[in-house]
Amino acid sequence: MTSPRTLYDKLWDRRCVKQNEDGTSLIYIDRHIVHEVSSAQAFEGLKAAGRKPWRTSAIIATPDHNVPTTEREKGIDGITDDTSRIQVKTLDDNCNAFEVPQFALKDKRQGIVHVIAPEQGLTLPGMTVVCGDSHTATHGAFAALGVGIGTSEVEHVLATQCLIQRKAKNLRIDVSGQLGRGVTAKDVVLYIISQIGTAAGTGCTIEFTGDAIYSLSMEGRMTLCNMAIEAGARAGLVAYDATTEAYVKDRPLAPKGADWDKAVAMWRKLKSDDGAKFDIDYFFKAEDIRPQVSWGTSPEMVVAVDATVPTVASLPENKSADYQKAMQYMGLEPGQPITSIQLDRVFVGSCTNSRIEDIRAVAEVVKGKHIAPTIKQALVVPGSGLVKQQAEDEGLDKVITAAGFEWRSPGCSMCLAMNADRLYEGEHCASTSNRNFESRQGSGGRTHLVSPAMAAAAAINGHFVDISKEAAL
Amino acid sequence: MKPFTQHTGQVYPFDRANIDTDAILPKQYLKSIRKFGYGDWLFDDLRYLDGGDVTTPVSERRKNPDFLLNHADYAASSVLLARDNFGCGSSREHAVWALRDYGFAVVLAPSFADIFYNNCFKNGLLPIALPNETIDELFAMSQSEKLFVTVDLQTQSIFTETHQWHFDIDESRRQNLLEGLDEISVTLKDADTIHAFEDKLKQAEPWVFQNIL
Ligand code: SF4
């Protein structure tokens, strides 16, 4: 009998090729997702050394970080920013030269790396998934090990199909009970980070457990695991269950027929054993979680929508200076109600919240209404061409544009403002993305992280409102 | 990577602690898609009087006459001598590429930032941590005249005509440099093991290997 193992232990063991003497291990990589920003030097390194990708069937490439979200029919030549165009073109050239499969700019399947892979069944339970992007943690929603890597590691995985890793610690975050009305996966993860801080997960893989977690859809679980990185963790995980199975079934690259049965039998074991040991444990109650809004410049600077920006007296001593600096940057007064913050722009998108469920949530809130006159721009940027298509098939784009939102083409967009979508100096934005760092969404911009429903309601009202008390839900 | 056994070169004394990766290569150059060709931008803020980015032709920029690396006497240096905590700050590997592309082969300092130190070995640059007294001695020698040293990795020694010092280095890293093995080459030594693992996986989980397009 082996001793009880955590889900992370199992995923690690399943793909451990070799243990090195220095304590690192060689981990086999099943899926490698490649985008335009972190791959050019890796391909150049490969070329310089006369190497080829180890296994092209492991790789999927797509441009997403700095693609424009308008006029996409023009393709690569339509990208007006020089550096962006060169990066997207370089990815295209490299995919052709190395015979790497690509969902190119005009492909319906193009989109944000962490949206397209699950959608296609390129991410499957039990897999190891890497990408030159920190939010690769997203894929942990499938009981897969998703790890973000740097450019040298991208080259290493291309050349060897393996990653050198040191095993992380096991951290469990349990949320028991039932989530209240208007409380989504985004609120859960923002709440967790506000409680444990952005460094709590350092050196750890987080497994999210508890009935509140298991009640989430796959979209919700992806939102949750996506932000494990904001809690400092290397990866986030949710155990395999019937929800996972239903989502994966019939995806283009999911196993079929006898293979499906074989796979499912294997996948059903992808959960932590009873009595498995976690190095660190946190326990939360779903009832304590209200719709959340970030007020500061770190994803831990978060409060409930009906609360206020912290008062100076309430600040923890070791963080007081940082928190006051954040208030200053955000142009907020200590003790100011969250609902009094006037918004300039609204962004629904990013690998955290740009899936069909998110678009539906927005449509439901804004149906028959119109964005406030004080809102300069409200963007909805679907995560992939297929999400866009499905939303249009459901008529959601009509509802959303009738309410005054702009309906765009897929990409990272205003999440990191590498394309033309951005905030300007001093502007406040209700954003469904994952990072509220200074200038992340544009120089001098002020980001408030929220759920899609909260962003939608804020667009209608021009300021934050408590979605759990809104009639339209 | 080229094997590194012995290197003889001129010492460039850069008498400063905490030289961070932004000073080694400013952030505007991260926009480049290249892995090579960063040499002209090494220590950019110090070397040039006017600002620049990836699109500015270097020939049109004004060099700072007060920066020693711009002097004909020092331009061909290949052994960088600095103070504590060299390579701190952002994790950008581009900083190592800039040093390498300029022509530096060795960096001597009392201590290095962790990630920078690791990145050096991925790119064939040899960082050597030496005791403060040795660093002091080297600074004194290089300031009075042009100093050439030979760094011998085989014997782990640094010597001039008159002096000799020993240095320590992790054995596996030393071997990899001696054989010219970058991390990828090291992993590829296990290619058979990886293939065997992959073959078993193909039997157990064939869906992992489906062609995507
Ligand atoms: S949407 Fe934002 S966080 Fe996600 S991959 Fe793109 S830039 Fe990164």
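Here, the structure is the one placed above.
Bear in mind the structure is a predicted one, so any value in this text is a computation, not a measurement. (Residues numbered from 1 in each chain as written. Chains lettered and ligands numbered in written order. Predicted model: local features only at pLDDT ≥ 70, side-chain atom pairs only at ≥ 80, totals over all residues. Heavy atoms only, no water.)

Draft legend 1. Main features of the overall build of chain A. Secondary structure summary: chain A contains 15 helices and 18 strands in total. Against the globule reference of 23 Å for 473 residues, chain A gives a C-alpha radius of gyration of 21 Å, in line with a compact fold. Considering only C-alpha atoms, chain A reaches an extent of 55 × 55 × 45 Å along its principal axes. A buried classification covers 64% of the 473 residues belonging to chain A. Considering only contacts in chain A between residues 6 or more positions apart, those separated by 24 or more positions represent 76%. Summed over all atoms, the accessible surface of chain A reaches about 16500 Å², with 49% contributed by carbon and sulfur. (Helix = DSSP H or I, 4+ residues; strand = E, 2+ residues; numbered from the N terminus. Rg over C-alpha atoms; globule rule 2.2 N^0.38 Å. Buried < 20%, exposed > 50% of the residue type's maximum accessible area, 1.4 Å probe, protein only. Contact = heavy atoms within 4.5 Å. Areas by Shrake-Rupley, 256 points an atom, 1.4 Å probe, with all protein chains shown as cover.)

Draft legend 2. A look at the sheet that holds strand E10 (residues 235–238) of chain A. Residue and element names in this part refer to chain A. Pairing in this open sheet of 4 strands is parallel, and the strands run E10-E9-E8-E11 from one edge to the other. The outermost strands of the open sheet, each flanked by one partner alone, are E10 and strand E11 (280–285). Within this sheet the neighbouring strands show an average axis-to-axis angle of 20°, counted without direction. The sheet contacts of helix H1 (residues 7–15) involve strand E8 (169–176), strand E9 (204–209) and E10, and relative to E10 the element is tilted by about 110°. (Pairing = 2+ DSSP bridges. Axes fitted to C-alpha atoms, helices over the stretch in contact; angles between N-to-C directions.)

Draft legend 3. Representation of the sheet that holds strand E4 (residues 59–61) of chain A in the model. Residues and elements named next belong to chain A. Taken in spatial order, the 4 strands make up an open sheet running E4-E3-E5-E6, and their pairing is parallel. On the outer flanks of this sheet lie E4 and strand E6 (145–148), each paired with one strand and no other. Strand-to-strand twist of the sheet, defined as the mean angle between neighbouring strand axes without regard to direction, takes the value 20°. In terms of strand pairing, strand E5 (residues 128–131) meets E6 through 4 bridges, oriented parallel. Bridged to Cys131 within E6 is Gly148.

Draft legend 4. Geometry of the pairing of E5(A). All names here are of chain A. Side chains of E5 alternate between two faces, with Thr128 and Val130 and Val129 and Cys131 buried alike. Relative to E5, strand E3 (residues 31–34) is paired through 3 bridges, and the arrangement is parallel. What sits directly across from Ile33, in E5, is Cys131.

Draft legend 5. Structural view of the layout of surface pockets. Estimated volume of the second largest pocket: approximately 710 Å³. Around the second largest pocket, the lining comprises 29 residues; the ones closest to its centre are Met1(B), Lys2(B), Arg100(B), Asn123(B) and Gly124(B). Mapped onto the lining of the second largest pocket, the elements with two or more residues apiece are helix H2 (40–48) and helix H5 (151–160) of chain A together with helix H7 (183–188) of chain B. Ranked by residue count, the leading element in the lining of the second largest pocket is H5(A), at 4 residues. (1 Å grid on protein atoms, 1.4 Å probe; cavity = no way out; pocket = protein on both sides within 12 Å on 5 of 7 lines; lining within 4 Å. Points joined across faces, edges and corners; volume = space filled by probe spheres on them.)

Fair warning: the whole summary comes from geometry, so function is off the table for now.
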